[in-house]
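Fold and geometry: a report
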Amino acid sequence: KNEFARQCRGIYDRVLSTSLELSKIMSSFLGSIGNARELFLALSSASAIMLNQPMAMFDAHPLLAEGIPNARHEAIRNAHFAHSCCILATAEDFTNSHIATTKAAETSGGKDK
């Protein structure tokens, strides 16, 4: 690592910077998905509880502490953010993702394992 960092400083800095940026983006994406999922789950649970015990709704889930409208807004906001990070794949993209792209795969006949 140290030798590479000294010999190829520019490449090393770009790879390091890109890796950090990708980690931040992935962390935000996964956090938003997880948060949206938990909020939607809590809202579903609260809906079921409200039908049976209206007063117990406030103890239903800590994510609902600021109220159902706020939780719903947060869940939708997180879901929209996660959706904005995604690119829709075409049928051709899907097909191409299963094509052998390495020498090892090509020598084994290009078959997925």
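Being a predicted model, the structure only gives us computed values, none of them experimental.

1. Quick word on the nonpolar core
In this structure, L39, A42, L43, A46, L64, I68, A71 and A75 together form the largest nonpolar core, which totals eight residues. Only α2 (9-52) and α3 (68-84) provide two or more residues apiece to this core. The element that contributes the greatest number of residues to this core is α2, accounting for four residues.

2. What about α3?
Across its 17 residues, α3 extends 24 Å between first and last C-alpha, which sits within 8% of the 24 Å expected from 1.5 Å per residue. Within α3, the full set of buried residues consists of I68, A71, A75, N78 and A82. Projection of α3 onto a plane perpendicular to its axis shows the buried side chains occupying an angular sector of 95°, all on one side. In α3, the exposed positions that point more than 90 degrees away from the buried face belong to P69, H73, H80, H83 and S84.

3. With respect to the confidence of the model for the protein
The predicted coordinates should not be examined in detail at positions where pLDDT is low. Taken as a whole, the protein shows an average pLDDT of 81; of its residues, 78% reach a score of 70 or greater. No element of the protein has a lower mean pLDDT than helix α5 (residues 103-107), at 60, and none a higher one than α3, at 91.

4. Let's talk about the side chain of S32
By the element assignment, S32 lies in helix α2. The class for S32 is buried, based on a relative accessible area of 8%. Residues in contact with S32, not counting those within four places in the same chain, are N78 and F81.

5. Section: the pattern of salt bridges
Using the criterion set out here, one finds four salt bridges in the structure. Between R9 and D13 there is a salt bridge; the shortest N-O distance is 3.6 Å. Of this pair, R9 and D13 both sit in helix α2, four residues apart, which is roughly one turn of the helix. A residue is classified by how much of its surface remains accessible, and R9, at 46% relative accessible area, is partly exposed. Given the relative accessible area of 36%, D13 is considered partly exposed.

Criteria and cut-off values
- Position numbers for residues count from 1 along each chain, tracking the sequence in the order it is written.
- Reporting of local features is limited, given that this is a predicted model, to residues whose pLDDT is at least 70; pairs of side-chain atoms are given and counted only at 80 or more, and all residues count toward the totals for whole chains, interfaces and linings.
- To get the side-chain values, all heavy atoms of the structure are used, and hydrogens and water are removed first.
- What is meant by a nonpolar core is a set of buried Ala, Val, Leu, Ile, Met, Phe, Trp, Tyr and Cys residues, joined one to another through side-chain atoms within 4.5 Å.
- Categorising residues by exposure relies on relative accessible area from a 1.4 Å probe, with only protein chains included: less than 20% of the type maximum marks a residue as buried, more than 50% marks it as exposed, and the intermediate range marks it as partly exposed.
- A run of DSSP states H or I qualifies as a helix once it reaches four residues; a run of E qualifies as a strand once it reaches two. Both are numbered from the N-terminal end.
- Helix span is expected to be 1.5 Å times the residue number reduced by one.
- Directions drawn from the helix axis to the C-beta atoms are what define this arc.
- Think of pLDDT as the predictor's per-residue confidence, scored from 0 to 100.
- Here a residue-residue contact requires only that any non-hydrogen atoms of the pair lie within 4.5 Å.
- What makes a salt bridge here is a side-chain nitrogen of Lys or Arg within 4 Å of a carboxyl oxygen of Asp or Glu, nothing more.

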